[in-house]
Amino acid sequence: MSKLVMIPGPTPVVDSIRVEMGREIQAFGDPNFVKDYKEVIDNLGKLYGCDGKTFVVAGTGTLAMEMSIANSTKKGDNVLIVSHGFFGDRFIDICQRKGLNVDVLAAEWGKTVSLSEIEAKLKEKSYAAITVTHVDTSTGVAADVAAIGEILKKFPDTLYIVDGVCSTAGHYENLKEQNIDILFTGTQKAFGVCPGLLMLWANQKAMDRRASLGTIPEYYVDFDKWVPTMDDPAKYFATPAINLVWALKESVRIIEAEGGLKVRFERHLKNARAVQKALISLGFKILAEDGCRAVTLTNAIYPDGIDDLAFRKALIAEGIIVAPGLGAYAGKLFRLGHMGNITTNDEVAALSTIERALMSVGKLDKPGVGVGTYLAEMAK
Ligand SMILES: *Cc1c(COP(=O)(O)O)cnc(C)c1O
């Protein structure tokens, strides 16, 4: 039996996208493919308000993290990392390996670093870049990316890098409107495509920074290597992931058909708040504080007396897969993804499975509470 994959990426892939993955291959120089690739790059650029370059490159979100740092900093530069969990912390390692001077503002898991702390830190010294994880998957915390962008208007020499791997195409984002210099994501999260492509948007300011760095030590992630191909995908740099590009094109079509990013965000928001209310009605606590909860996933802390492994095993037996907690929350919570092209039916299935698993471990007497709460919220 196939399982419903409700982890925070990869997310379920709808039929029309899956069909693209199964198509017969074309040569990367085939005019039909070149046209498709160009269309994806241009549409993504427009969708996200990018006045510089949009990159669609084979690789995952982590490669995009590296790409963002490689093209915006040089050894010895100061970088400020705002961390709301595991993926925020990943930037520390990436930056230290490059020989950057790293300052970290970290929040207790479930909370955010305050805007005033960020502003005060930026005043202390000149930072080449600041990194913010829009949604940290380990905590389910969403940063106020737009408000941080406002602050950064006062610090024009600092590039604003946003990790959107668990937010882009779920939460609303726009480079121009939110003063973001570099935004990136992977295909497997809120775009609802199979894993394997990264998307990275770099505005003109970020491209100017890249130009100021001269030759950089990195090769595959160098903007300069990719720009000719992004401008004209008939030009070879490295073999494009042909079928993934088609799959992404279909995903972008779905986003546009849905009404664009704002409508898609509203759908995610309504669904997420309903799911979160349902989980609370079943006795779970949400790790992320009210006010900074992501719309793309929920980290649900178990009521007392639930064994994590047994619970997730019961879920798998009932047909859905969720993700375990990370770090200090391993064993204490499960992570439920609800982003991309998932439907209300998927959500009802997930919640009803969670109820059955709760009953199987003796933690729910009256079935229907969670599903009922969810449906009532969705009907509002
Ligand atoms: C998943 C994730 C990553 C890493 O992406 P990969 O595609 O697994 O390399 C980075 N940042 C965030 C916020 C993520 O959720």
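Attention in this report is confined to the structure presented alongside it. (Residues numbered from 1 in each chain as written. Predicted model: local features only at pLDDT ≥ 70, side-chain atom pairs only at ≥ 80, totals over all residues. Heavy atoms only, no water.)

**Details of the layout of surface pockets**
Basically, it comes down to this: Cavity means a closed set of points on a 1 Å grid over the protein atoms alone, one where a 1.4 Å probe fits but cannot get out, pocket means an open set with protein on both sides within 12 Å along at least 5 of 7 lines, and lining means a residue has an atom within 4 Å of a point. Grid points are joined across faces, edges and corners, and a volume is the space filled by probe spheres set on the points. Under the DSSP-based scheme used, a helix requires at least four consecutive residues in state H or I and a strand at least two consecutive residues in state E, with every element numbered from the N terminus. Each residue is assigned to one of three groups, with Ala, Val, Leu, Ile, Met, Phe, Trp, Tyr, Cys and Pro labelled nonpolar, Asp, Glu, Lys and Arg labelled charged, and all others, Gly among them, labelled polar.
Quantified by volume, the largest pocket comes out at close to 360 Å³. Along its surface, the largest pocket is lined by 24 residues, and H134, A142, A143, D144 and V145 are the ones closest to its centre. Listing elements by their share of the lining of the largest pocket, those giving two or more residues are α5 (115–124), α6 (145–152) and α11 (261–281). For the lining of the largest pocket, the residue count by class is 12 nonpolar, 8 polar and 4 charged.

**Side note on unusual backbone geometry**
This is how it is decided: Here's how the labels work: a residue is buried when its accessible area is under 20% of the maximum for its type, exposed when over 50%, partly exposed in between, all with a 1.4 Å probe on protein chains only.
A cis amide bond links G9 to the next residue, P10, at an omega of 0°. Along the chain, P10 turns up in the loop between β1 (4–5) and α1 (15–21). The backbone of A169 shows a phi angle near 80°, a positive value even though the residue is not glycine. Looking at the secondary structure, you find A169 in the loop between β8 (159–163) and α7 (175–178). Residue A169 is classed as buried on the basis of its relative accessible area, which comes to 0%. The backbone phi angle of N179 is positive, close to 60°, even though this residue is not glycine. Residue placement: N179 occurs in the loop between α7 and β9 (182–186).

Just geometry here; none of it tells us what the structure is for.
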